[in-house]
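# Working through the structure, step by step
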Amino acid sequence: MKWVRKILKGVSLTAAMFVFQACYGPMEDYYDTKVTFHVVAEDTGEPLQDVRIWAQELNYSDSADIGNQRHIAEYTDGNGFATVWTYDEIIRYSFEDKDSLYVPVDTIINPAKYDTVEIVLHKLD
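Residues numbered from 1 in each chain as written. Predicted model: local features only at pLDDT ≥ 70, side-chain atom pairs only at ≥ 80, totals over all residues. Heavy atoms only, no water.

## Observations concerning the pairing of strand S7 (residues 116-121)
Going residue by residue along S7, you find Val 117, Ile 119 and Leu 121 tucked away on one face and Thr 116, Glu 118 and Val 120 left uncovered on the opposite face. Where strand S1 (residues 33-41) and S7 come together, 6 bridges link them in parallel fashion. In the strand pairing of S7, Val 40 is matched with Val 120. (Buried < 20%, exposed > 50% of the residue type's maximum accessible area, 1.4 Å probe, protein only. Helix = DSSP H or I, 4+ residues; strand = E, 2+ residues; numbered from the N terminus. Pairing = 2+ DSSP bridges.)

## Regarding the confidence of the model for the chain
On average, residues of the chain score 78 in pLDDT, and 74% of them reach the 70 mark or higher. Per-residue pLDDT, averaged within each element of the chain, yields its smallest value for strand S3 (residues 66-75) (63) and its largest for S7 (90). Segment residues 62-67 is flagged for pLDDT under 50; beyond a separation of four residues in sequence, or across chains, it makes 10 contacts in the model. (pLDDT = per-residue confidence, 0-100. Contact = heavy atoms within 4.5 Å.)

## Some words on unusual backbone geometry
Note: most peptide bonds trans; most residues except glycine with negative phi. With a phi angle near 60°, Asp 50 is a residue other than glycine that sits in the positive phi range. Here Asp 50 is to be found in the loop between S1 and strand S2 (51-58). Not every positive phi belongs to a glycine, and Ser 100 is a case in point at roughly 55°. Topologically, Ser 100 is positioned in the loop between strand S5 (91-97) and strand S6 (105-109).

## Description of the packing of aromatic side chains
In this description, a pair of aromatic rings is defined by centroid distance and the angle of the planes. If you walk through the whole model with that rule in mind, you get 2 aromatic pairs. For the ring pair Phe 37 and Phe 95, a centre distance of 5.0 Å and an interplane angle of 75° mean the geometry is edge-to-face. Linking Phe 37 in strand S1 with Phe 95 in strand S5, this pair joins segments that are 58 residues apart in sequence. Pair check on accessibility: Phe 37 and Phe 95 agree, each one buried. Grouping aromatic residues by their ring pairs yields a cluster made of Phe 37, Tyr 93 and Phe 95. (Phe/Tyr/Trp six-rings, centres within 6.5 Å; stacked < 30°, edge-to-face > 60°.)

## Quick look at the pairing of strand S4 (residues 81-86)
The side chains of a regular strand alternate between both faces of the sheet. Burial of S4 is one-sided: the residues Ala 82, Val 84 and Thr 86 facing one way are buried, the residues Phe 81, Thr 83 and Trp 85 facing the other way are not. Strand direction decides the pairing type here: S1 and S4, joined by 6 bridges, are antiparallel. Residue His 38 lies in a different strand from S4, and its bridge partner there is Phe 81.

See the structure below:
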């Protein structure tokens, strides 16, 4: 009779662990795609540091409508590179330098298709 109790304890513990895993499970990886931007100046070809990268998700109910959730994704480093982790979706990116010496640039890309995207900023006249 003791071995039946041990089997029932093992089965109930296994069932409890299964329910816990099914309900709470491992955390979902929200940011599974990364894209690296290399931002350079058009006139010199030099990399630009501290360029602010804004990101907006497209609203899938109407592809022409850009969502209202605009957030800072990243700043470029001293070599002009910034890596942004995103969803595997099409996102609109905006690039603005901190001193407003360059024309801001907007682009829409699918980050799953590109590892590194070069962005060229044109100097204001």
